[in-house]
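Residues per chain, in single letters:
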Amino acid sequence: MKVGDKVKVVASELQGVITELFPAVDDWKETAMVSFPNGKQVEYELIDLEVPTPADTQAAVEDYVFWREAIEGVK
């Protein structure tokens, strides 16, 4: 992973962009600062992040469209 990569938090469906990488030091693992669309920034260990595959992204878009149409009605 590198700065600028879009990533997904493994434990949730949150997606953001890596803004900084911090190397491993002593017993600390390598971490990354992730910026989310709402402006919030959170530091995660790299093992807690993954680069979403196009299929994951497409599935998320399809789910969003489905639920939005279900709630608002198809226009």
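Everything here concerns the structure above.
So, here's what we can say about the structure. (Residues numbered from 1 in each chain as written. Predicted model: local features only at pLDDT ≥ 70, side-chain atom pairs only at ≥ 80, totals over all residues. Heavy atoms only, no water.)

## Digging into the sheet that holds strand E1 (residues 6–9)
- With antiparallel pairing, the 5 strands of this open sheet are ordered in space as E4-E3-E2-E1-E5. Two strands lie at the open edges of the sheet, namely strand E4 (41–45) and strand E5 (49–50), each paired on one side alone.
- Looking at chain direction, strand E2 (residues 15–22) and strand E3 (residues 31–35) are connected through 5 bridges and run antiparallel. The residue of E3 that forms the bridge with Leu 21 is Ala 32. (Pairing = 2+ DSSP bridges. Helix = DSSP H or I, 4+ residues; strand = E, 2+ residues; numbered from the N terminus.)

## Quick word on the environment of Met 1
- Within the secondary structure layout, Met 1 lies in the segment before E1.
- Along the sequence, Met 1 and Glu 50 sit 49 residues apart, while their C-alpha atoms lie 8.6 Å from each other.
- When sequence neighbours within four positions are dropped, the list of residues in contact with Met 1 reads Val 7, Ile 18, Leu 21, Leu 46, Leu 49, Glu 50 and Val 51. (Contact = heavy atoms within 4.5 Å.)

None of this, on its own, says anything about what the molecule does.
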